[in-house]
Amino acid sequence: MNQLAAFLGACASVAALVAWSRAVPTRALGDARCSRRRALGEVALIVAVQLAVVIAALGPAGGSAVVACAWMLLGWPFCMALNAWPERTLAWSRRGGRVALGVAAAVVLLR
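Residues numbered from 1 in each chain as written. Predicted model: local features only at pLDDT ≥ 70, side-chain atom pairs only at ≥ 80, totals over all residues. Heavy atoms only, no water.

Which residues make up the nonpolar core, and what values do they have?
Core analysis: the largest hydrophobic core is formed by eight residues, namely A5, L8, V53, A57, A100, A104, V107 and V108. If you list the elements that add at least two residues to this core, you get α1 (2–11), α3 (36–58) and α5 (86–110). Broken down by element, this core gets its largest block of residues, four residues, from α5. (Core = buried A, V, L, I, M, F, W, Y, C linked by side-chain atoms within 4.5 Å. Buried < 20%, exposed > 50% of the residue type's maximum accessible area, 1.4 Å probe, protein only. Helix = DSSP H or I, 4+ residues; strand = E, 2+ residues; numbered from the N terminus.)

This is the structure in structure tokens:
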């Protein structure tokens, strides 16, 4: 169960990537669509919950390492998909990241 919670917690970084990509000008999306302050708040909340869930599953060292690696590992495919299919990528990444974070939290709470 810990591995499932860690994997889903790592996948939640995609939801934070969506929030940040909407706040900065990108080649795929054009100008920023929301304020950086709002996006930074959303990213901070997602990362805090993500860290809490993964640290609860793997401990402090493993949890911190998984979250940092997830950002690096999932950031590149997210950018590639964003350039190919901007609107679909935003919609599915937002949904998928939030669902993954919710399920990971439920797994940690129910174990």
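Still more to cover.
Talk me through the packing of aromatic side chains; I want residue IDs and the actual numbers.
Per the counting criterion, the structure on display carries zero aromatic pairs. When the ring centre of W92 is taken as reference, the NZ or CZ atom of R95 above it lies at 4.8 Å. (Phe/Tyr/Trp six-rings, centres within 6.5 Å; stacked < 30°, edge-to-face > 60°. Lys NZ or Arg CZ within 6 Å of the ring centre and 35° of its normal.)

Kindly report on the pattern of salt bridges, identifying the contributing residues and their values.
If the charged atoms of two oppositely charged side chains come close together, the side chains can form a pair. Here the structure, examined in full by the defined rule, presents two salt bridges. Residues E87 and R33 are paired through a salt bridge, measuring 2.9 Å at the closest nitrogen-oxygen approach. Of this pair, E87 sits in helix α5 while R33 sits in the loop between α2 (13–23) and α3, and the two are 54 residues apart along the sequence. Residue E87 is classed as partly exposed on the basis of its relative accessible area of 48%. When its relative accessible area of 37% is taken as the criterion, R33 is described as partly exposed. Linking R98 and E42 is a salt bridge whose minimum nitrogen-to-oxygen distance equals 2.7 Å. Of this pair, R98 sits in helix α5 while E42 sits in helix α3, and the two are 56 residues apart along the sequence. (Salt bridge = Lys/Arg side-chain N within 4 Å of Asp/Glu carboxyl O.)

Just distances and angles here, no functional claims.
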